[in-house]
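Given next are the chains, with one letter for each unit.
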Amino acid sequence: MPATLSARIQLVQGDITRQEVSAIVNAANSSLLGGGGVDGAIHRAGGPQILEECRQIRARQGGCKTGEAVITTGGRLPAAHVIHTVGPVWNGGHKGEPELLAHCYRNSLRLAEEKSLASVAFPGISTGIYGYPKAEAAAIAVHEVRQWLAAHEFPEKVVFVAFDEENRRLYEQKLR
Ligand code: ADP
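Below or above, wherever it landed, is the structure these notes cover. (Residues numbered from 1 in each chain as written. Predicted model: local features only at pLDDT ≥ 70, side-chain atom pairs only at ≥ 80, totals over all residues. Heavy atoms only, no water.)

**So, helix H2 (residues 48-61)**
Given 3.6 residues to a turn, an α-helix orients residues that are three or four positions apart in the same direction.
Thought 1: The first and last C-alpha atoms of H2 sit 20 Å apart over 14 residues, in line with the 20 Å expected at 1.5 Å per residue.
Thought 2: Taken together, the buried residues of H2 touch helix H1 (37-46), strand S4 (69-73) and strand S5 (81-86). (Helix = DSSP H or I, 4+ residues; strand = E, 2+ residues; numbered from the N terminus. Expected span 1.5 Å × (residues − 1). Contact = heavy atoms within 4.5 Å.)

And the structure:
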């Protein structure tokens with residue numbers, strides 16, 4: 001059961017590829033050609049159409065820089081769209097990581113707003129292979145989403161998807 005933490009923010013523990021939302025956000029890498037972790041899971045579940053659109057974006061603009069975001073179809077996913085954003089690799093925290101991670105959330109939300117998407121689900125960007133400390137990353141995620149929702153009509157709802165128990169507890173704390 002998703003916990004409703006405010007009218008417009010939900011927290012669920014589980015697999016982001018199963019979320020029935022307008023868009024799920026992918027923790028992509030700058031090549032946009034797929035990778036491990038949540039990226040691999042999204043491409044496996046959504047099928048080849050997502051990678052095909054990523055290739056077209058790459059041909060147009062040469063990939064995606066850290067902190068930026070692009071949008072594709074959701075292919076066979078329940079979500080109609082995937083927003084691919086490239087999180088920073090954690091390098092000790094003094095290489096602009098917090099600001100870059102905040103940009104990921106803001107730029108993803110901006111794309112959702114431009115398309116008037118009703119709902120967007122986020123995984124913990126950068127908190128897997130890229131090594132961002134989970135508590136700090138959750139604090140940034142919650143702060144940026146709250147700020148955005150306070151000032152914008154779209155997306156109407158944001159779902160934080162915690163893959164594991166530890167992440168779910170961290171989000172619960174930050175959202176309290
Ligand atoms: P990054 O390279 O940005 O660190 P990862 O994919 O390695 O990206 O991890 C990002 C976060 O996504 C991690 O917290 C990881 O536990 C989580 N994750 C991995 N698979 C899934 C999934 N299927 N659904 C939701 N979250 C996932």
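So, next bit.
**Some remarks on the site of the ligand**
Thought 1: Around the ligand sit 15 residues in total, of which Ile 16, Val 38, Thr 127, Gly 128 and Ile 129 are the nearest.
Thought 2: Between Asp 15 and the ligand, the recorded distance is 2.9 Å, taken from a side-chain N or O atom to a nitrogen atom.
Thought 3: At 2.9 Å from an oxygen atom of the ligand is found a main-chain nitrogen or oxygen belonging to Tyr 130.
Thought 4: The element contributing the most residues to the shell around the ligand is H1, with three residues. (Near = heavy atom within 4 Å. Polar contact = N/O pair within 3.5 Å; in protein donor to acceptor, adjacent residues only side chain to side chain.)

**Section: the pattern of salt bridges**
Thought 1: Across all of its chains, the model carries seven salt bridges by this definition.
Thought 2: With a closest N to O distance of 3.5 Å, Lys 134 and Asp 164 form a salt bridge. One end of the pair, Lys 134, is in helix H4 (residues 134-151); the other, Asp 164, is in the loop between strand S7 (157-162) and helix H5 (165-175), with 30 residues separating them in the sequence.
Thought 3: Classification of Asp 164 by relative accessible area gives partly exposed; the value is 26%.
Thought 4: Between Arg 169 and Glu 165 there is a salt bridge, and its shortest N-O distance comes to 3.2 Å. In this pair, Arg 169 and Glu 165 both sit in helix H5, four residues apart, roughly one turn of the helix.
Thought 5: Of the residues examined, Arg 169 reaches a relative accessible area of 45% and is grouped as partly exposed.
Thought 6: Its relative accessible area of 35% is what places Glu 165 among the partly exposed residues. (Salt bridge = Lys/Arg side-chain N within 4 Å of Asp/Glu carboxyl O. Buried < 20%, exposed > 50% of the residue type's maximum accessible area, 1.4 Å probe, protein only.)

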